[in-house]
Every structure is written in C-alpha cells, then in structure tokens.
Amino acid sequence: MNQYIEETKKGLVHTYNRFPVVLEKGKGVYLYDTAGKKYLDFAAGIAVCGLGYGNEELNQALKEQIDCLTHTSNLYYNTTCGRAATALLRIAQMDRVFFTNSGTEAIEGALKSARKYAWKKGTGRYEFIAMEHSFHGRSIGAVSVTGNEAYRTPFEPMLPGVRFAEFNNLDSVKEQITDKTCAIILEPLQGEGGINQASKEFMEGIRRICDQEGILMICDEIQCGMGRTGSMFAWQSYGTKPDIVAMAKAIGSGLPVGAFAMTEQVAEFSLEPGDHGSTYGGNPLVCAAVAKTVEIFEREDILAHVREMGDYLEERLTKLAAESDGILEQRGTGLIRGIKVKKPAGEIIQRALEEGLLIISARDNVIRLVPPLVIRKEQIDEMIEKLKAAL
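Treat the numbers as computed from the prediction; the structure is a model and nothing was measured.

What counts and how
Residues numbered from 1 in each chain as written. Predicted model: local features only at pLDDT ≥ 70, side-chain atom pairs only at ≥ 80, totals over all residues. Heavy atoms only, no water. Helix = DSSP H or I, 4+ residues; strand = E, 2+ residues; numbered from the N terminus. Rg over C-alpha atoms; globule rule 2.2 N^0.38 Å. Buried < 20%, exposed > 50% of the residue type's maximum accessible area, 1.4 Å probe, protein only. Contact = heavy atoms within 4.5 Å. Areas by Shrake-Rupley, 256 points an atom, 1.4 Å probe, with all protein chains shown as cover. Lys, Arg positive; Asp, Glu negative; His and termini not counted. Charge placed at Lys NZ, Arg CZ, Asp CG, Glu CD. Salt bridge = Lys/Arg side-chain N within 4 Å of Asp/Glu carboxyl O. Axes fitted to C-alpha atoms, helices over the stretch in contact; angles between N-to-C directions. Parallel < 35°, antiparallel > 145°, perpendicular 65-115°, else oblique. Left-handed = near helix turned anticlockwise from the far one by under 90°. Nonpolar A, V, L, I, M, F, W, Y, C, P; charged D, E, K, R; others polar. Phe/Tyr/Trp six-rings, centres within 6.5 Å; stacked < 30°, edge-to-face > 60°. Pairing = 2+ DSSP bridges. Polar contact = N/O pair within 3.5 Å; in protein donor to acceptor, adjacent residues only side chain to side chain.

Enquirer: Would you mind showing me how to read the overall build of the chain here?
Expert: A tally of helices and strands in the chain yields 14 helices and 17 strands. A globule of 391 residues ought to have a C-alpha radius of gyration of about 21 Å, and the chain, at 21 Å, matches this closely. Dimensions of the chain, computed from the C-alpha atoms along their principal axes, are close to 60 × 50 × 45 Å. The burial tally for the chain puts 52% of its 391 residues in the buried class. Look at the contacts in the chain between residues 6 or more apart in sequence, and 72% of them connect residues 24 or more apart. Here the chain has roughly 17800 Å² of accessible surface; of this, 49% comes from carbon and sulfur atoms. Computing the positive centroid from 45 side-chain charges and the negative centroid from 52, the chain places the two 1 Å apart.

Enquirer: Can you help me understand the pattern of salt bridges in this one?
Expert: Enumeration over the complete set of coordinates arrives at 21 salt bridges. The partner of R207 in a salt bridge is D211, with the nearest N and O atoms 2.9 Å apart. One end of the pair is R207 and the other is D211, both in helix α9 (residues 200-213) and 4 residues apart, which spans about a single turn. Judged by relative accessible area, which is 53%, D211 ranks as exposed.

Enquirer: Could you clarify how one ought to interpret the packing of helix α4 (residues 79-92) against helix α11 (residues 284-299) in this entry?
Expert: Geometry of a packed helix pair, given as the angle between the helix axes and the separation of the axes. Where α4 meets α11, the closest approach of the two axes is 8 Å, and the angle between their N-to-C directions is 40°. The orientation of α4 relative to α11 falls into the category oblique. When the axes of α4 and α11 are compared, the crossing they make is left-handed. Within the contact between the two elements, α4 uses T80, C81, R83, A84, A87, L88, R90 and I91 and α11 uses P284, C287, A288, V290, A291, V294 and E298. Class assignment of the residues belonging to the contact of α4 with α11 gives a composition of 11 nonpolar, 1 polar and 3 charged.

Enquirer: Please explain the packing of helix α12 (residues 302-323) against helix α14 (residues 377-390) as it appears in this structure.
Expert: Direction vectors running N to C along α12 and α14 enclose 25°, while the axes themselves pass 10 Å from each other. Viewed along their axes, α12 and α14 adopt a mutual orientation that is roughly parallel. At the point where α12 passes α14, the crossing takes the right-handed sense. In this structure, α12 contributes E308, M309, Y312, L313, R316, L317, L320 and E323 to the contact, and α14 contributes K377, I380, D381, M383, I384, E385, L387 and K388. Across the contact of α12 with α14, the residue classes tally to 9 nonpolar, no polar and 7 charged.

Enquirer: Can you help me understand unusual backbone geometry in this one?
Expert: Among all residues save glycine, negative phi is the norm, and among peptide bonds the norm is trans. For the bond from E156 to P157, the omega torsion is 5°, close enough to zero to count as cis. Checked against the element boundaries, P157 lands in the loop between α7 (149-152) and β6 (162-165). A positive phi angle is found at M226, which is not glycine, with a value near 55°. Secondary-structure assignment places M226 in the loop between β10 (216-220) and β11 (244-247). With relative accessibility at 2%, the residue M226 sits in the buried group. Located in the positive-phi region is S253, a residue other than glycine, with phi close to 50°. Examined against the element boundaries, S253 turns out to sit in the loop between β11 and β12 (258-262).

Enquirer: I'm lost on the environment of E355 in this one. Help?
Expert: Looking at the element boundaries, E355 is found in the loop between α13 (345-354) and β15 (357-358). Exposure remark for E355: the relative accessible area of 36% places this residue in the partly exposed category. Spatially, the C-alpha atoms of E355 and Y39 are 8.2 Å apart, while their sequence positions differ by 316 residues.

Enquirer: Please explain the packing of aromatic side chains as it appears in this structure.
Expert: Two descriptors summarise a pair of aromatic rings, namely the distance from one centre to the other and the angle between the planes of the rings. Tallied over the entire structure, the rule returns 4 aromatic pairs. Taking 5.6 Å as the distance between ring centres and 70° as the angle between the ring planes, the aromatic pair formed by F167 and F202 counts as edge-to-face. With F167 in the loop between β6 and α8 (170-176) and F202 in helix α9, the pair connects residues that are 35 residues apart, well separated along the chain. Assigned by exposure class, F167 and F202 land together as buried.

Enquirer: Honestly, the sheet that holds strand β13 (residues 327-333) in this entry has me stumped. Any pointers?
Expert: Strand-to-strand pairing in sheets goes through backbone hydrogen bonds, with the strands running parallel or antiparallel. In spatial order, the strands read β13-β14-β17-β16; together these 4 strands make up an open sheet with antiparallel pairing. Both outer strands of the open sheet, β13 and β16 (360-361), are each paired with one neighbouring strand and no more. Relative to strand β17 (residues 366-369), β16 runs antiparallel, the two sharing 2 bridges. By the bridge assignment for β17, S361 is matched with I367.

Enquirer: For this particular structure, what's the right way to read the side chain of Q379?
Expert: By secondary structure assignment, the location of Q379 is in helix α14. Here Q379 falls in the buried class, since its relative accessible area comes to 6%. Side-chain polar atoms of Q379 contact the backbone nitrogen of R376, separated by 2.9 Å. With residues up to four places along the chain from it excluded, the contact list for Q379 reads V29, Y30, L40, F42 and V374.

Enquirer: Would you mind going over the sheet that holds β10 with me for this structure?
Expert: Strand order in the open sheet formed by 7 strands is β4-β12-β11-β10-β7-β5-β6, and the pairing between neighbours is mixed. Edge strands, defined here as strands with exactly one partner in the open sheet, are β4 (96-100) and β6. Neighbour to neighbour, the strand axes of the sheet diverge by 20° on average, direction disregarded. Sheet analysis places β4 next to β12, joined by 5 bridges and oriented antiparallel. Within β12, the position partnered with T100 by the bridge is G258. Set on the sheet, α4 makes contact with β4, β11 and β12; between it and β4 the angle comes to about 120°.

Geometric descriptors of this kind do not, in isolation, establish any biological role.
Following this line, the structure appears as structure tokens:
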C-alpha cells in the first residue's frame, strides 16, 4: 500500500491532503482498504453516497445503461436524461433543469442564469449577496461567492460585484442590498462552513426581501439537499421556495453529476441556446443513476428513515457531549451533524481512522458527520464507540 501511495504522489498535482489509506471496495456503509481493513463510513464521499456502497438495484441500472449508451453529447436527446429531469424537477418542485458534471458547475450555471435574467429584464443588475462562512465551489465564479477569505485571496481579483452578509442576520443582508443586486445566494445549512443551519426567520426574510426588491433567491443544496436534512431539499422544510436551486453530490449516488434548476418565470427570461453548455452534462450513464436514485428514495421512503436516524443520532451525540469534556457543542439536523471540539479536528479524525471510522471536518474545530442515508441504529452506536475512543 505504501508503494502505491508513493507512486501516486509522483503523478498527481498536490491539491489534496489525502489520508494514508488506499480504499479498494465498499459494501453497505463500510469501506475496505487494500490490506482488508474495514472502515465504518460517516463521510459518504463528502455527503455523496446516500445509498451507501454496492446497492444492487443501482448497480444493475448502471450495467444495463453501459450496454446501451454512455455518451452522445447534448446535440441530441437521450432517453435517460428525460427520465432524470422529470424525476428531479418533481422532487425539487422546479420547472426547468440543466445537468452539469459537478456542484461547482451547478453554481456557475446558477450565477449565469441570474445575471442573464437581469440582463434580459433590462434592470442593469449584476451584483450578488453571499453569506460569510459559505462554500460554493472552487472555480473563479464559485469561489467569488464563497465567504472564506482563505479560499479567495490566492486567486484575486475575484468576480466583481459580490457582497457578503452575516448568516442568519437579516439586517446585515439588507445593508448589502443596492440597486445593482440581482440575486442572493445561500446554503440553507452551511456544510463546509461548520454545519450552520439557517433559522426559519432568516429564510423567510430572505424570500420576502427578494420578492419586495425584485431579486432572485438562489439556494445551494449541493450538500444539504437530496434527503440529508430529512426533506428532499432543505428549503422545503422552511416553505421558502427559491427561484434557482443548485444540486449535486447525492443526486447521482456516487456518479459525477450536478444540476441547477429554476422556475418557469426565471427560465422565460434566462438562458438561451449558446449561453451555457456542457459536453458531458446530461450524460446517459449519470442520468440513469439520477433517475434510479430518485426512484429508490421515493419507494423506500428514505426521508422518513433519515428523520428517524437523525433523531437517534442527535440523542447519542447529546449524551456523548455530556460525557466528554472534549466536545463543546453539537449541531445540525437529519444526517448532517457537526461536533465542535476543543482539539484540532484533524487530530481526532486521524485517531478515528486508526479506530476504523471515517469522518471529516468542517472548519478547523468541527467534526462533520454525513453518513450514507441508509445508516442504521446499530451502526450509529458503533460510530459513537469509535468516536469516543478517538476523543
């Protein structure tokens, strides 16, 4: 395994701080390295693998699609793209969708859609209001609306016309509004920023401001969407429908796919042929994964399971926090949880790895728990014991 790691290091640009583990296979909510060691996975590929690993129904759908068609480009229609679009629009309560390859690309499309909408309306608006501690991706556009200077500074100058407001502070948002504001972008629950959940008053206030000022509301549901909070998309628990929503990660259960969707009112004054494109977006293979994922989620009532397991996870974490002087706070909802710790999160994550538990961080002192959505109570209990040992 060490030889494999050293050979790989020589060939890759050093942009990831990888753990010294070579993963080989997965089953259910467990992963296995090349030495046969078993790991309980509470990272899910950073909230991607909602159905866990080795789901036979999903795998079969992909095998059948490989035998039919894997790529054609967007010069033509394909059968799975239509099925995936219909399914996503139904659960997202939107009217039009554009498929991308990633969440970052979904954000790019959402930003372009908002600016094109303002341009076609003739408003002269082009500015965005984003939130402090937000994370929207790593392209120049996505980084420009990411509320963390560490991500932005090395690549300045950023996209012009971005203002940052304090998350969960409506007055702060109002202070940033100008006659040039075209859209407000936010995550209903910030993942990378530390598992920070928007209040109902904040979400309702943002929607109200947008309606009053003629501003579009963009929700980034890339991490907190697709069932992770106990709703298909986090905004739905607030009843504050956005004009544009970006999604990715779990919509494809591990295949590289993202999407941005919008209401018909926005689509009427937004992107036209030639404004935006993607060679692989809407690819038949990934769309087969999207369509099958939505089918399984709905048939198996994954949302009810997430709410039940989320309540149990909160109960166990609350008890663990009371017993451990190393935990300062636990927060989140459903199966996206954050544990604020006294020590650097990286130290605990490394010890957890040795215990056979995969967890990740959200900022320097927050442990992020985003397991596969099919996790069960006994596996939550197992995680608590391993985490206790790591703490």
